[in-house]
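Close look at the chain arrangement
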Amino acid sequence: MDRLHLILERYFGYQAFYPCQREIIQDLLAGRDVLAVLATGGGKSLCYQVPAVLGDGVTVVVSPLIALMKDQVDGLRANGIAAATINSSLGYGEQKIVERVILEGRIRILYVSPERAVQPSFLSLVAKANIRLIAIDEAHCISMWGHNFRPEYRRLRVLKERFPAVPVIALTATAIPA
């Protein structure tokens, strides 16, 4: 059994990858950028969570919903994966603790909102960390609703500009072929 399957089983409890997950993960591990459009329920999160467990560094995940970030972090922690979030639900003291732990290299996956991801203070923080991967969840917001719904999605290119050697995965789901 290869290391990807070992991680899949040990941390996530799955016996096999869904279609396309292995290929997406291998592309990311090879340093390539990926656009992943998967069916709803197709396991988008595992595409960046599995690589985050391998090696050193932090995976930065841009996500639009605080509740989703909390659910993801809680689930990852329950599975023994060091995860955190920086968002508006944290108090000043809590945020400073998370920032310190990031700089100490003790976080594997960090969830942030698009608004936070483009702030100069956040960019300075993660520039001091060992960023391994950048994941943009709900990437359809960039082109479909970004200009009205969350304008910061359109500004996320700053992440690739600041960290050109770091692979980026943009993920979105579709319930129907159209």
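Before reading further, recall that the structure is shown in the block above.
Notes on the structure in this doc start here. (Residues numbered from 1 in each chain as written. Predicted model: local features only at pLDDT ≥ 70, side-chain atom pairs only at ≥ 80, totals over all residues. Heavy atoms only, no water.)

1. As for the packing of aromatic side chains
Here the distance between the centres and the angle between the planes together describe a pair of aromatic rings. Applying the stated criterion across every chain, the model contains two aromatic pairs. Seen from their ring centres, tyrosine 14 and tyrosine 18 are 6.4 Å apart, and the 50° between their planes marks the pair as tilted. Measuring from ring centre to ring centre gives 6.5 Å for tyrosine 48 and tyrosine 111, while their planes differ by 70°; the resulting arrangement is edge-to-face. Here tyrosine 48 is found in helix 3 (residues 44-53), whereas its partner tyrosine 111 is found in strand 4 (residues 109-112), with 63 residues between them in sequence. Judged on exposure class, the residue tyrosine 48 and its partner tyrosine 111 are both buried. (Phe/Tyr/Trp six-rings, centres within 6.5 Å; stacked < 30°, edge-to-face > 60°. Helix = DSSP H or I, 4+ residues; strand = E, 2+ residues; numbered from the N terminus. Buried < 20%, exposed > 50% of the residue type's maximum accessible area, 1.4 Å probe, protein only.)

2. Section: the sheet that holds strand 1 (residues 34-39)
The six strands lie next to each other as 1-6-5-2-4-3, forming an open sheet whose pairing is parallel. The strands lining the two open edges of the sheet, one partner per strand, are strand 1 and strand 3 (83-86). Here the average twist between neighbouring strands, direction ignored, is 20°. As judged from the three bridges shared by strand 5 (residues 131-136) and strand 6 (residues 168-174), these two strands associate in the parallel manner. The partner of isoleucine 134 across the bridge, within strand 6, is valine 168. Sheet strands touched by helix 7 (residues 120-127): strand 2 (58-62), strand 3, strand 4 and strand 5. Its angle to strand 4, the strand with the most contacts, is close to 175°. (Pairing = 2+ DSSP bridges. Axes fitted to C-alpha atoms, helices over the stretch in contact; angles between N-to-C directions. Contact = heavy atoms within 4.5 Å.)

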